[in-house]
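Examining the three-dimensional arrangement
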Amino acid sequence: MRDVETRPKRGEWIIVLTILFASLPLILGFALLIISSFSKDMVTNLSLSSFRPTIENWINVFQGRLAITGGIRQNILKITLNTLVVALGVSGIVTLISTLAGYSLSRMKFRGRKLMMLLLLMLHAFPGVALIVGVYLLYRLTFPQEPSFVRLYSFFYVVLARAALEIPMSVWLMKGFFDTIPWEFEWSGIIDGASRIKVWRQIMLPLIKPGILAVALFGFLAGWQDLIYVRTFLIDQTLATFIEANIEAEYSHMPLIAAAGTLYLLPTIMFFLTAQQLLLQGYSGGIKG
Amino acid sequence: MKGKVGILLAMVVLFGVIASGCIGSQETSETKTTSVELTGDFVKDVLAIGKALESNGVSEVKFSAWGSGDPNSVMRVYGIVEAARRINKVWEENGVNVRITITDTHYVASFQDAYQEYLSKQPLGQAGDFFVNSYAFLPTLADEGYILDITEYANAYKNVIEDFYPSLIEASKFNGKLYGLPQDTEARPLYIRKDVAAKIGFNLEGIEEKVKNGEFTWSDVYYWAKKAKESGVEWGLIHRKGSAHPDLIQFIFAFGGKLYNEDSGKLVVDVPAVYKWLYVEWKFAQDGLLPKDIMSWDWAKQIHPAIVEGRTLFDIGGTWYWTEWQTKEYYGKEGTPRPLKPEEVQAWFAYTLFPAGEKGLKPVTLSQPFVWMINSKAGQQNPKYDELKDLYHKLAFLMIIKASDPDINAIHSVISAHLPVRKEAAKLISDEKWLNDLKNLNLDLDPQVKDNIKDIVATTVHPINAKFLADVSYMLEYTKLAPAHPKYPALADIFKEAVDKVLRGEMTPEEGVNYIIQKINADPELAQNVEVVGEIPRDWKFP
């Protein structure tokens, strides 16, 4: 079999075209959304006849209003900040716990390890919606009596609850990454006198950067796009609930919703664009003979 | 020794009794007013509550207002903001050092979503103190204890309550108790394009009276719709889409059917009326007078442009269409889409009640009143809530009384094309001077409210629009309300599916009726709450 570098260019073109063709509906969907956000009318068919350029939609979105005339203005920057807090919170907790748990499951032998891994996988099978009643009950039980803490607590709770849903899969993912690192790296560290936690932090983590990034990214996206937990527990609005609350088709000016939708997409696109090299990098180290 | 101990104990007990008496008497002298009787005199009541709050050390009362609906209906929350300002003014003028602050004005377009949010957040004490939403949700919220029973408070304000239209007050009740005050309502007229009618020789002179008397029925609508189609007009009829609630179920009432059995408390599928409804839809669609796929049409790109560009003779719409056509760019006949001018809307559209299904029956319209409701935990973000609950609740009630001031209600009606809920407000919208003042925002309103409604006022306040509202107000006499039953939304969704299938020709009207019954029976909970009555009429003819 030929190596990638020596494969004929003709074959490469076919692959690129196939991938492009397969992802065309997706690209087209995003493109129409972005075009519509700069148009007075929605561009929903393939002709650009209804495209009437304007930046009015974006101005209105940044002014926090989703109606052409009137409507209540909302502080969109605060809403974006709320979304960011939830997304970064989920991402941080998921990354921290899954790198620690993934390492222990990959490297340490302890009683119930297999069962734990199995249970983690089972946990992942439960969708967030199925757990909402229990999670709501817990929220009510742990709810602070002091009204001034409620707002803060709702952030804290929604981040924890959403992270809990992401952790099982992320732990498995991280375990897989740790499994790919040869034992020799760790041994040499331990022989040199480092503790397990130091080995984990100084030797293992730098080696699995792509894994950490992947888990952090998925955690971020989970928090960024969450709707049901945010709507149920968070007092403040996030971009997801803001768009959802205003999307009722009959009343809404859809190009404005398209602008809000594009704004909502931006971090995801930026994250993928900037991180894709690192994500594809994988482990590329070697072992000293 | 024992005697000495006994005397000592007796003295301690005596001292205790005297001391407690003293402490008690001191407490009595410091007891603050925590309850106020409402008298019906607004200023007097507001002052009494203000003073009672002040004497309890409260200088700021925090409330939040939640509203929902179309973007032009901002007065659903700004009404509360304005009410707070008016009460603050009374306190300020009378030297009461208490102020109301509206901490949160939460507003979402989808009223169903707002209701869901309220349901999940009320038990945690995070829902708004004031909640404006459809009367349809009121029974569930009242039953759960999530909203305040204001019957007793309202008894003191009979003079205000009596100014509301009685049917709307009835819609705000549950089990005979009042749980809110009406905020707005609407009618759903049948719009007729005057230019298309003229083209086909359809004389609209006196059409309103003919419809009122039941002389002009759905058979006539069919006849003229067909004429329009034959003359080259694209459609005979365009109607609303989505859940069959509440627009299309007008057909059930127009065919003399009912949707709710008051004796059993169950929903009703009135088979003859439902069959006739489906038959009319089927006949219109099969003959190409009504788009077969209307239920999946786009509001902004298909439904409204077809109406405003005169591509249909008839349209079943809502009163709010009148100003919506003036604020949104639906008219694209000249190339670049633009909104209609008030003069154009007036020149192009006639409007009547929803005609009777057949001769001998009555025309109808349908309303979905919105209601100001008060959270049963209203005021809980304030100090000493448990002790002063009564004061906070009564103040909240006075807030919605103030928010129902005729001018606030009339502003809402004019800028959102909903109908006023009070007779006094109805008088205002016919007052030219007042309309002029509103147009110039020359009214005593909160600067925040003025700033937020100025765009809407500029585009919607016009004598033509006020005249339209005055003209359609009589429709409230013919109005029907959809049942406020928790299972009704599920039934309405089944109706919608059946209408869609019948329109597309996938089912005959008879199959449509059977489909509805099967779907109800497939859901045991729904089946328990629905009665199926009557049979498909075999010898019925349409048109």
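Here, the structure is the one placed above.
Procedures and definitions
Residues numbered from 1 in each chain as written. Chains lettered and ligands numbered in written order. Predicted model: local features only at pLDDT ≥ 70, side-chain atom pairs only at ≥ 80, totals over all residues. Heavy atoms only, no water. Contact = heavy atoms within 4.5 Å. Buried area = accessible area lost by both parts, 1.4 Å probe. Salt bridge = Lys/Arg side-chain N within 4 Å of Asp/Glu carboxyl O. Polar contact = N/O pair within 3.5 Å; in protein donor to acceptor, adjacent residues only side chain to side chain. Helix = DSSP H or I, 4+ residues; strand = E, 2+ residues; numbered from the N terminus. Nonpolar A, V, L, I, M, F, W, Y, C, P; charged D, E, K, R; others polar. Buried < 20%, exposed > 50% of the residue type's maximum accessible area, 1.4 Å probe, protein only. Pairing = 2+ DSSP bridges. Axes fitted to C-alpha atoms, helices over the stretch in contact; angles between N-to-C directions. Parallel < 35°, antiparallel > 145°, perpendicular 65-115°, else oblique. Left-handed = near helix turned anticlockwise from the far one by under 90°.

Structural notes on the interface of chain B and chain A
Contact with chain B, which involves 36 residues of that partner, is made by 36 residues of chain A. Summed over both sides, the interface between chain B and chain A buries roughly 3000 Å², with carbon and sulfur atoms accounting for 51% of that surface. Three residues, Leu124, Gln126 and Lys301 of chain B, lead the burial of chain B against chain A; their summed loss comes to 18% of the area buried on that side. Counting every contact that joins chain B to chain A gives two salt bridges. A salt bridge links Asp113 of chain B to Arg231 of chain A; the shortest N-O distance between them is 3.8 Å. In this structure, the connection of chain B to chain A is made through eight residue pairs in polar contact (both at pLDDT 80 or more). Elements that contribute at least two residues to the side of chain B that touches chain A include exactly helix H3 (75-93), strand E2 (99-108), helix H4 (111-121), helix H14 (299-308), helix H15 (321-327) and helix H21 (447-460) of chain B. Ranked by the residues each element gives to the side of chain B that touches chain A, the list is headed by H4 of chain B, at five residues. Along the lines of polarity and charge, the residues of the side of chain B that touches chain A split into 14 nonpolar, 13 polar and nine charged.

Description of H4 of chain B
With eight of 11 residues buried, H4 of chain B lies mostly within the body of the structure. For H4 of chain B, the full list of buried residues reads Phe111, Asp113, Ala114, Tyr115, Glu117, Tyr118, Ser120 and Lys121 of chain B.

Let's talk about the sheet that holds strand E10 (residues 266-270) of chain B
Two modes of strand pairing occur in sheets, parallel and antiparallel, and in both the strands are linked by backbone hydrogen bonds. Pairing in this open sheet of three strands is mixed, and the strands run E9-E10-E16 (chain B) from one edge to the other. Edge positions in the sheet fall to strand E9 (260-261) and strand E16 (530-533) of chain B, since each of these pairs with one other strand and no more.

Observations regarding the packing of helix H8 (residues 183-191) of chain A against helix H9 (residues 196-207) of chain A
All names here are of chain A. Between H8 and H9, the shortest axis-to-axis distance is 10 Å and the interhelical angle comes to 140°. Considering their axes alone, H8 and H9 lie oblique with respect to each other. Crossing of H8 over H9 shows right-handed handedness. Note on element contacts: H9 touches H8 through Arg196, Val199, Ile203, Met204 and Leu207, opposite Phe185, Glu186, Gly189 and Ile190. When its residues are assigned to classes, the contact of H8 with H9 shows six nonpolar, one polar and two charged.

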